[in-house]
Amino acid sequence: MSSRAFKTDSLTPLHWGFAAILLITLARLILLANTRLQLYPDESQYWIWSQTFDWGYFSKPPLIAWAIATSTALFGDTDFAIRLPSLVFHAMGAGFLLLSAHQLKSGWAGVWAALVYLSMPGIGISAGVISTDALLLPLWAGALYMLLRLRDQPDRWFSAAGLGILLGLAFLAKYAAIYFLLAAGLAIVIDPPVRRALLSLRGILAAVILAAILAPNIAWNASHDFATVQHTAANANWQGNLFNFGEMLEFLGGQFGVFGVLLFPVLAVACVQAWRHWRDPDRQIDRLLTLFIVPALLVVLVQSFISRAHANWAASAYVAGSLLVVLYLLRGGQWRRHILTASIALGLTASAVMAALSVNPALVGGVNAFRGLRHLQSWPETAAALHEAEQRGTYDALVFDDRNIFHQMQRYGRQLETPLRMWQRFNAPHNHAEDIWALPEGTDGPVLIVSEREWERDRLLADFETVEPLGEIAIATGGHRERRLTLYAGRGYQRVPRTEAYEAAQAAIDAARQPGN
């Protein structure tokens, strides 16, 4: 090999960009392999899904289960292998953004875009857990890259096919991919190059491929009473008070934590500037990108005002958001580059701190900001304590009132000898555990009841003819916190009918328990 191959001046910005992605991904891979945090309950649920191939699952499309099944088949049934796809997908997403920004603006724009994406606080967390967002965002980035290629060169059949494939997979990751279709529809109206690209034979090819990929999942939903769609609608929770300023402000505040303290305000300014100078042909790309940012943010903002919204529900906006802030900050004075540099440094530092805490959770101590870590610790110890409890008697089932505890025992309680079952709170199943493993009515017992939800305990016990208190289990979860489970022996399981009168009475009880009442 010639010495020229080792000269850094022969490397292009694309080479440096892919090198940076590889370096950050390897660092996170090492930290992920050494984490001492167990799976979050939702991660355990996704792992359970991965044990059986299907075209859909109770609350999510199937791609997350397929990814986990593939990873664990290759690398073993470990927590590391379950989470590994997130890391790989995010590296892929950064690569697509590198290529997209490089296509839009030559030079180092692609490197900046990849680093902005990887340094986002939300991505720093997402890279260490397996979630639907970790699959959606990279696939969204890939679909956007293919759309930009097709926009510039409408005769590219490969770009059209890639758009259909990647967008179809994005839908199989999370139905929030619908925002991409909404943005593409708006782009057809306002952006002539996109209109020419999509209203063509190549656009038809992309649509046909998308439909073919989606068809099995749609058929699965139809055969399961559209369970996933109903769960998504239930999450919206459009009931009760429809004016929630506090929830809206909380969602807005959460966006600083998802995209970045410095970059979220920049993104808002960049979106305004893109339309303020709407006659400027140099801002045409900026306006196009806002279509993939603003609608998702506005829809979820309205949802937060009507009911509630988690901070990550609009995360797809930050794929195009990463491109837009880079294009905006690379224009104008040098101070804008300083914002980019500071944001990336701040994001990567925060990510490193979180990774250090995952390797040594004891560093957290009693800080309330990290109280959520209790869900990621001491599950084998919890399973051991329940195993000891089940040995004291003969039970037909271990019955749980909390799906999180239930799924964690499926993952970490393999020594448990008694079948695991879920108590069903409402008339119909509200989660996968209740749908598949509900305790059958008419079970005589005895069953060992494992209760975590103190506020629903009276309802749980009322469904049994007799109950006998068996004490409590307390498991330390770090930072002076405990996981407390109350045990009962129950006989004669027959649910109180969930009539309208019953639910009204329970709602009144819940209202009386609210602060201030």
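Residues numbered from 1 in each chain as written. Predicted model: local features only at pLDDT ≥ 70, side-chain atom pairs only at ≥ 80, totals over all residues. Heavy atoms only, no water.

**Considering the packing of aromatic side chains**
Here is step 1 of the chain: Overall, the coordinates contain 15 aromatic pairs when judged by the stated rule.
Here is step 2 of the chain: Each ring, one from Tyr46 and one from Trp49, has its centre 5.3 Å from the other, and the planes form 50°; the classification is tilted. You can see Tyr46 and its partner Trp49 sitting in helix α2 (residues 41-50), 3 residues apart, about one turn around the helix. Accessibility classification places Tyr46 together with Trp49 in one group, the buried group.
Here is step 3 of the chain: Considering the side-chain rings of Phe400 and Phe406, the 5.9 Å spacing of their centres and the 75° angle between planes classify their relative orientation as edge-to-face. Like Phe406, Phe400 is buried.
Here is step 4 of the chain: Members of the aromatic cluster, each reached through a chain of ring pairs, are Phe256, Phe259, Phe264 and Tyr318.
Here is step 5 of the chain: The ring centre of Trp47 lies 4.6 Å from the NZ or CZ of Arg411, which sits over that ring. (Phe/Tyr/Trp six-rings, centres within 6.5 Å; stacked < 30°, edge-to-face > 60°. Helix = DSSP H or I, 4+ residues; strand = E, 2+ residues; numbered from the N terminus. Buried < 20%, exposed > 50% of the residue type's maximum accessible area, 1.4 Å probe, protein only. Lys NZ or Arg CZ within 6 Å of the ring centre and 35° of its normal.)

**So, helix α18 (residues 334-359)**
Here is step 1 of the chain: For α18, which comprises 26 residues, the first-to-last C-alpha distance of 38 Å matches the rise-based estimate of 38 Å (1.5 Å per residue) to within 8%.
Here is step 2 of the chain: Along α18, the positions that sit buried rather than exposed are Arg336, Leu340, Ser343, Ile344, Gly347, Ser351, Ala355, Leu357 and Ser358.
Here is step 3 of the chain: Contacts made by the buried residues of α18 are with α1 (13-33), α5 (109-119), α6 (121-126), α14 (263-276) and α17 (317-329). (Expected span 1.5 Å × (residues − 1). Contact = heavy atoms within 4.5 Å.)

**Considering helix α4 (residues 79-104)**
In an α-helix, one full turn covers 3.6 residues, which means residues spaced three or four apart are oriented alike.
Here is step 1 of the chain: Compared with the 38 Å implied by 1.5 Å per residue over 26 residues, the 39 Å span of α4 between its first and last C-alpha is a close match.
Here is step 2 of the chain: With 19 of 26 residues buried, α4 lies mostly within the body of the structure.

**Let's talk about the sheet that holds strand β5 (residues 481-493)**
Here is step 1 of the chain: Here we have 5 strands laid out as an open sheet, ordered β2-β1-β3-β5-β4, and mixed in their pairing. With partners counted over all chains shown, the strands left at the sheet margins are β2 (420-422) and β4 (464-478), one partner each. Here the strands of the sheet are splayed against their neighbours by 30° on average, with no regard to which way each runs.
Here is step 2 of the chain: Sheet analysis places β4 next to β5, joined by 12 bridges and oriented antiparallel. (Pairing = 2+ DSSP bridges. Axes fitted to C-alpha atoms, helices over the stretch in contact; angles between N-to-C directions.)

**Considering the nonpolar core**
One recurring pattern in soluble globular proteins is that nonpolar side chains are buried together.
Here is step 1 of the chain: With 132 residues, the main nonpolar core has Leu144, Leu163, Phe180, Phe292, Phe400 and Met409 as its most contacted residues.
Here is step 2 of the chain: The leading source of residues in this core is helix α7 (residues 132-152), at 13 residues.
Here is step 3 of the chain: Setting aside anything within four residues of it in sequence, one finds Phe400 in contact with Leu386, Ile405, Phe406, Met409, Leu420, Arg421, Met422, Trp423 and Val450. (Core = buried A, V, L, I, M, F, W, Y, C linked by side-chain atoms within 4.5 Å.)

**Structural notes on the pairing of strand β3 (residues 447-451)**
Here is step 1 of the chain: Across the 5 residues of β3, 5 count as buried, placing the element largely inside the fold.
Here is step 2 of the chain: Of the two faces of β3, the one lined by Val447, Ile449 and Ser451 and the one lined by Leu448 and Val450 are each fully buried.
Here is step 3 of the chain: As paired strands, β3 and β5 are joined by 5 bridges and run antiparallel to one another. Looking at β5, one finds that Leu448 is bridged to Ala489.

**Some remarks on the pattern of salt bridges**
Here is step 1 of the chain: Tallied over the entire structure, the rule returns 19 salt bridges.
Here is step 2 of the chain: The closest approach of N and O atoms between Arg425 and Glu503, which form a salt bridge, is 3.1 Å. In this pair, Arg425 sits in the loop between β2 and α21 (432-437) while Glu503 sits in helix α23 (residues 500-512), placing the two residues 78 residues apart along the sequence.
Here is step 3 of the chain: Judged by relative accessible area, Glu503 falls into the partly exposed class, the value being 23%. (Salt bridge = Lys/Arg side-chain N within 4 Å of Asp/Glu carboxyl O.)

**Some points on the environment of Pro440**
Here is step 1 of the chain: In this fold, Pro440 is placed in the loop between α21 and β3.
Here is step 2 of the chain: Since its relative accessible area comes to 45%, Pro440 is described here as partly exposed.
Here is step 3 of the chain: C-alpha separation for the pair Pro440 and Arg421, spaced 19 residues apart in sequence, amounts to 8.7 Å.

**Considerations on the packing of α7 against α17**
Here is step 1 of the chain: Where α7 meets α17, the closest approach of the two axes is 8 Å, and the angle between their N-to-C directions is 55°. Comparing the axis directions of α7 and α17 gives the class oblique. Regarding α7 and α17, the two cross each other, and that crossing is right-handed. Listed contacts from α17 to Leu137, Trp140, Ala141 and Leu144 of α7 are Val319, Ala320 and Leu323. (Parallel < 35°, antiparallel > 145°, perpendicular 65-115°, else oblique. Left-handed = near helix turned anticlockwise from the far one by under 90°.)

**Overview of the packing of helix α8 (residues 157-173) against helix α9 (residues 178-190)**
To characterise two packed helices, one gives the angle between the axes of the helices and the distance between these axes.
Here is step 1 of the chain: In contact at an axis separation of 9 Å, α8 and α9 are set at 140° when each is read in the N-to-C sense. Regarding the angle of α8 to α9, the classification is oblique. Facing Leu163, Leu167 and Phe171 of α8, the residues of α9 in contact are Ile178, Phe180 and Leu181.
Here is step 2 of the chain: For the contact of α8 with α9, the class distribution of residues is 6 nonpolar, no polar and no charged. (Nonpolar A, V, L, I, M, F, W, Y, C, P; charged D, E, K, R; others polar.)

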